[in-house]
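Residue-level structural notes
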Amino acid sequence: MNTLTNRVGDTGAQPTPELVDAVLAFDIGGTDMKSGIILGDITSGGVEVLDVQRNPTPLDGARSGESVCARIVELTAAYRAAHPELNISAVGVTVPGIVDEAAGVGVFSANLGWKDFPFTATLTQALGLPVGFGHDVGMAGEAEFRIGAAVGKKDVLILVIGTGIAGAVLCDGARVVGGGYAGEIGHALVPAPDGSLVIMESLGSAGAVARRYTEATGITVAGARNVVALAAEGDAAASAVWRDAINALAFSIAQCVSILGTETVVLGGGLSMAGAALFEPLAARVDELLTFHRRPEYLHAALGENAGLIGSALKARSLVAQA
């Protein structure tokens, strides 16, 4: 990968390796923090992700922000030592919760404990590098929009369906940030089977599908995809739980289509791996809920579990370009 160049005016010296430019990215979660080196022309999609690691997130109550930043500094030094052939020119960091990306502040995270923590300022001072900072799902959505499944689209909803549900919304080619509060679609209210209103992820997430099936039958399943398989085999309880999940997801998608003009829905997360068992009934139910609106196109997320890392690297790379 390295190219060799001679020092000017030093024809007798051994050639020295030219360092390869790289971005080091971190995706902070409630249990572990994922990190990896991003190589290539990120803006054109020529991305290579190397040396992906998972380390425990150092939770320390209200001081978790400080602890996470200290661990990022330690890991950056370790990556530099392990990869002397690389020039780490910027660092990207994504975190969950409410995020003020412009100010570089983690406004609030109930699971991780911080409140109004200045991530960008802290890490920029400690590392001496440009730091791209953003919301985990927001950055994953940016990556899918710019170099992934939604390239060339303008009005996009990216849904990550896992234990919970989070989203990123793009309108007219720009991500809606809403001061850090946009995209919390999993907490949007939807009609429940009993006629009440509940948050969408309590019915439509992978965690909810498995939990509700167990509650209905007393049978513990390994995950939501087991419920999907049982529904396909004609299991009545599984079919009811899966139908409720589809209805909840479809309701929120139809609202986005009606209010925002969403033209493309990108589905990611573990439940998206159900494939046609998810995509086909979901599209059919959304169609029933719409009137004159254009029907959205449904796409599977293209960047997989590294979308957050790639998204934060995109932001970090843009800072280098501006410098």
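Residues numbered from 1 in each chain as written. Predicted model: local features only at pLDDT ≥ 70, side-chain atom pairs only at ≥ 80, totals over all residues. Heavy atoms only, no water.

1. Here's the deal with the overall build of the protein
For clarity, the cut-off: Counting from the N terminus, the helices are the DSSP runs of H or I reaching at least four residues and the strands are the DSSP runs of E reaching at least two. Atoms counted for the radius of gyration: C-alpha only. Globule rule: 2.2 Å times the number of residues to the power 0.38. Each residue gets one of three labels from its accessible area relative to the maximum for its type: buried under 20%, exposed over 50%, partly exposed in between, using a 1.4 Å probe on protein chains only. Any two residues whose heavy atoms approach within 4.5 Å at even a single point are treated as in contact. Using a 1.4 Å probe, the Shrake-Rupley method yields the accessible areas, and only the shown protein chains count as cover for residues.
If you tally the helices and strands in the protein, you get nine helices and 17 strands. Computed over C-alpha atoms, the radius of gyration of the protein comes to 22 Å, within 12% of the 20 Å expected from 2.2 N^0.38 for 323 residues, which places it in the range of a compact globule. Seen through its principal axes, the protein has C-alpha atoms that stretch 80 × 40 × 35 Å. In the protein, which comprises 323 residues, the proportion classed as buried is 49%. Within the protein, residue pairs in contact and separated by at least 24 positions form 63% of the contacts whose partners lie at least 6 positions apart. Accessible surface, the protein: about 14500 Å² in total, of which carbon and sulfur atoms supply 55%.

2. As for the nonpolar core
The criterion, for reference: Think of a nonpolar core as a cluster: buried Ala, Val, Leu, Ile, Met, Phe, Trp, Tyr and Cys residues, connected wherever their side-chain atoms sit within 4.5 Å.
Counting 41 residues, the largest nonpolar core has Trp242, Ile253, Leu278 and Leu282 as the members making the most contacts within it. Elements with a minimum of two residues in this core: strand 11 (156-161), strand 12 (165-171), helix 5 (206-217), helix 6 (224-232), helix 7 (236-260), strand 16 (264-268) and helix 8 (276-289). The leading source of residues in this core is helix 7, at 12 residues. In this structure, Trp242 is in contact with Val209, Val228, Ala231, Leu271, Ala277 and Leu278, ignoring residues within four places of it in sequence. Within the second largest apolar cluster, 28 residues are counted, among which are Ile72, Tyr79, Phe119 and Phe133.

3. Overview of the side chain of Thr76
Just so we agree on the cut-off: Polar contacts, as used here, are pairs of N or O atoms within 3.5 Å; protein pairs need one atom able to donate a hydrogen and one able to accept it. Residues neighboring in sequence count only if both atoms are side-chain atoms.
Tracing the chain through its elements places Thr76 in helix 1 (residues 64-82). Here Ile72 takes part through its backbone oxygen, which lies 2.8 Å from a polar atom of the side chain of Thr76. For Thr76, the residues in contact, after removing those within four places along its chain, are Leu24, Phe26 and Leu127.

4. Here's the deal with the confidence of the model for the protein
The criterion, for reference: What pLDDT conveys is the predictor's confidence in a given residue, as a value from 0 to 100.
Taken residue by residue, the protein gives an average pLDDT of 90. The fraction at 70 or more is 93%. The low-confidence segment residues 1-12, where pLDDT is below 50, has 20 contacts with residues more than four positions distant or belonging to other chains.

5. Some points on the side chain of Arg212
Within the secondary structure, Arg212 is located in helix 5. Residue Arg212 is classed as buried on the basis of its relative accessible area, which comes to 18%. Residues in contact with Arg212, not counting those within four places in the same chain, are Pro193, Ser202, Leu203, Val241 and Asp244.

6. Things to note about the sheet that holds strand 17 (residues 297-300)
The condition that has to hold: Any two strands with at least two DSSP-identified bridges between them are counted as paired. Think of each axis as a best-fit line through the C-alpha atoms, taken over the contacting stretch in the case of a helix, with angles from 0 to 180 degrees between the N-to-C directions.
Strands sit in the order 13-12-11-16-17 across an open sheet of five strands; the sheet is mixed. For this open sheet the edge positions go to strand 13 (174-175) and strand 17, each flanked by a neighbour on one side alone. Where strand 11 meets strand 12, six bridges bridge the pair, whose relative direction is antiparallel. Within strand 12, the position partnered with Ile158 by the bridge is Ala168. Across the sheet, helix 8 touches strand 11, strand 16 and strand 17, and the angle it forms with strand 17 is around 160 degrees.

7. Remarks on helix 3 (residues 136-147)
We count it as follows: Working rule for helices: expected span equals 1.5 Å times residues minus one.
Over its 12 residues, helix 3 extends 17 Å from the first C-alpha to the last, a length consistent with the 16 Å expected when each residue adds 1.5 Å. Across the 12 residues of helix 3, 11 count as buried, placing the element largely inside the fold. Taken together, the buried positions of helix 3 are Asp136, Val137, Gly138, Met139, Ala140, Gly141, Glu142, Ala143, Glu144, Phe145 and Ile147.

8. A closer look at the packing of aromatic side chains
Going by this rule: Stacked, edge-to-face and tilted labels apply to pairs of Phe, Tyr and Trp rings (six-membered ring for Trp) whose centres lie within 6.5 Å, assigned for plane angles under 30 degrees, over 60, and everything in between, in that order.
Under the criterion given, the structure shown has three aromatic pairs. Note on Trp114 and Phe119: the rings are 4.8 Å apart at their centroids and 75 degrees apart in plane angle, and the pair reads as edge-to-face. Of the two residues, Trp114 and Phe119, both sit in the buried class. A ring pair is formed by Phe117 and Phe119, whose centres lie 4.8 Å apart and whose planes are at 75 degrees; its orientation type is edge-to-face. Each member of the pair, Phe117 as well as Phe119, carries the same accessibility label: buried.

9. Looking at the pattern of salt bridges
Short version of the rule: By definition here, a salt bridge exists when the distance from a side-chain nitrogen of Lys or Arg to a carboxyl oxygen of Asp or Glu is within 4 Å.
For the coordinates displayed, the defined rule picks out 16 salt bridges. Where Arg175 meets Glu101, a salt bridge forms, and the shortest distance between an N and an O atom there is 2.7 Å. One end of the pair, Arg175, is in strand 13; the other, Glu101, is in the loop between strand 7 (98-100) and strand 8 (105-108), and 74 residues separate them in sequence. Across the pair, exposure class does not vary: Arg175 and Glu101 are buried alike. Residues joined by salt bridges that share partners form a network here, namely Glu101, Glu142, Arg146, Arg175 and Lys315.

10. A few points about helix 8
End to end, helix 8 covers 20 Å across 14 residues, agreeing with the expected 20 Å (1.5 Å per residue, within 8%). At its buried positions, helix 8 is contacted by strand 11, helix 7, strand 16 and strand 17.

11. Quick look at the pairing of strand 11
The two faces of the sheet receive side chains in turn, since in a regular strand these alternate between them. Within strand 11, five of the six residues are buried, which leaves the element mostly enclosed by the surrounding structure. Pairing of strand 11 with strand 16 involves five bridges; the strand directions are parallel. Among the inter-strand pairings, Leu157 is bridged to a residue of strand 16, identified as Val265.

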